[in-house]
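A look at the structure
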Amino acid sequence: MINLVFWFFVILIVLSAFSVVLNKNLIYAAISLLLTFLGIAALYVFLWADFMAGTQVLIYIGGILILLLFGIMLTHKITSVKISHTSVQKGIGGAVVLVLFIGLLWMIKITPWKMESAMEPEQTVNTIGTLLMTDFLLPFEVASVLLLGALIGAAVLARKES
Amino acid sequence: MDNLQVYLIIAALLFSLGLFAVITRRNAIAVLMGVELILNAANLNLIAFARFGGMNITGHIFALFVIVLAAAEVAVALAIILNIYQNFNSINVDEAQQLKQ
């Protein structure tokens with residue numbers, strides 16, 4: 001049963017990711033991206049990363065995807081039917097990416113991955129919070145400054161010049 | 001599903017598809033979607049390695065910072081794209097060749 005759920009999400013991710021890169025309609029591509037993010041959040045649950053799964057849904061689906069949809073809506077005239085676009089160099093790009101993918105598969109296959117068994121933790125939030133406040137305090141603070149900078153920068157850039 | 005390679009293969013596929021979108025898409029927002037796919041592939045790898053490397057939470061922290069950076073990146077990129085749209089009336093990346101009109 002649990003295997004069935006896992007493979008369902010894997011197939012969901014693969015199909016929706018293909019739809020993201022190939023769909024002619026940008027809105028459909030964005031909705032497919034939602035399904036991809038959802039599937040990845042599900043895989044995080046399978047990887048015992050409960051907090052990361054929640055963060056993925058909150059930030060990617062609730063934040064980034066909504067921003068992307070706003071971007072699509074603001075840069076197309078809603079009245080014009082053509083909310084679509086084309087791709088260029090599909091043949092060469094596809095060939096390059098296919099070669100890269102096969103190379104990655106080969107690398108994954110031949111590498112002797114060193115694995116360690118572990119017990120499933122009850123929750124990860126506690127450890128993440130402790131680590132953020134001790135070992136990773138400096139990156140944590142730098143990230144907050146970066147977010148402030150991005151906030152101000154985005155607001156200044158997006159405003160029309162008066 | 002208790003197998004590291006499955007996750008790595010999914011992440012490799014996501015990375016390749018994201019790169020394909022970055023290479024071939026003309027619309028700047030579609031290119032951004034490709035970048036998001038690539039970042040998600042990296043995150044999936046990080047968390048898979050955390051899980052199969054003895055449940056090391058440091059991998060989760062790294063993925064968390066990637067998500068934070070992705071949020072900042074998308075906000076700034078969309079602001080730039082909106083500016084390009086105001087200047088050129090189009091956001092096709094192959095048409096925007098000048099910084100200023």
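Residues numbered from 1 in each chain as written. Chains lettered and ligands numbered in written order. Predicted model: local features only at pLDDT ≥ 70, side-chain atom pairs only at ≥ 80, totals over all residues. Heavy atoms only, no water.

**Remarks on the overall build of chain A**
Here is the rule we go by: Numbering goes from the N terminus for both helices and strands, where a helix is a DSSP run of H or I of at least four residues and a strand is a run of E of at least two. Throughout, radius of gyration means the C-alpha value; the globule benchmark is 2.2 Å times the number of residues raised to the power 0.38. Type-normalised accessible area, obtained with a 1.4 Å probe on protein chains alone, sets the label of each residue: buried when under 20%, exposed when over 50%, and partly exposed for intermediate values. Throughout, a contact is declared for two residues whenever any of their heavy atoms are within 4.5 Å.
Looking only at helices and strands, chain A features 6 helices and 0 strands. Order of helices (α) and strands (β) in chain A, N terminus to C terminus: α-α-α-α-α-α. Taking 15 Å as the expected radius of gyration for a compact globule of 162 residues, we find that chain A reaches 20 Å, considerably beyond that expectation. C-alpha atoms of chain A, sized along the principal axes, occupy 55 × 40 × 30 Å. Across the 162 residues that make up chain A, the buried fraction comes to 32%. Taking as baseline every contact in chain A between residues at least 6 positions apart, the subset at least 24 positions apart corresponds to 60%.

**Thoughts on the interface of chain B and chain A**
The following threshold applies: Take the accessible area each of two parts loses on contact, using a 1.4 Å probe, and add the two losses: that sum is the buried area. Take a side-chain nitrogen of Lys or Arg and a carboxyl oxygen of Asp or Glu: if they are within 4 Å of each other, that pair is a salt bridge. Counting of polar contacts relies on pairs of N or O atoms within 3.5 Å, with two restrictions inside protein: one atom must be capable of donating a hydrogen and the other of accepting it, and residues adjacent in sequence are counted only when both atoms are side-chain atoms. The nonpolar class holds Ala, Val, Leu, Ile, Met, Phe, Trp, Tyr, Cys and Pro. Asp, Glu, Lys and Arg form the charged class, and all remaining residues, Gly among them, are polar.
Each partner contributes residues to the interface: chain B has 67 residues there, and chain A has 79 residues. In this assembly, chain B packs against chain A so that about 6700 Å² is buried in total across both faces, 80% of it on carbon and sulfur atoms. At the boundary of chain B and chain A, one finds 0 salt bridges. Taken together, the links from chain B to chain A amount to 6 residue pairs in polar contact (both at pLDDT 80 or more). Contributing elements (two or more residues each) for the side of chain B that touches chain A: helix 1 (4-24), helix 2 (28-52) and helix 3 (58-88) of chain B. Broken down by element, the side of chain B that touches chain A gets its largest block of residues, 23 residues, from helix 3 of chain B. In the side of chain B that touches chain A, the residues fall into 49 nonpolar, 13 polar and 5 charged.

**A few points about the domain arrangement of chain A**
Keep this limit in mind: Domain delimitation follows an automatic or database domain assignment.
According to the domain assignment, chain A consists of domain 1 (1-80) and domain 2 (123-162). The distance between the C-alpha centroids of domain 1 of chain A and domain 2 of chain A comes to 23 Å.

**Points about helix 2 of chain B**
Residues and elements named next belong to chain B. What counts is decided by this rule: A helix's residues, less one, multiplied by 1.5 Å, set its expected span.
Taking 1.5 Å of rise per residue, the 25 residues of helix 2 would be expected to cover 36 Å, and the 37 Å separating its terminal C-alpha atoms lies within 8% of that figure. Where burial is concerned, most of helix 2 is hidden: 19 out of the 25 residues are buried. Following helix 2 by one or two positions, Gly54 adopts a phi angle in the positive range, close to 85 degrees.

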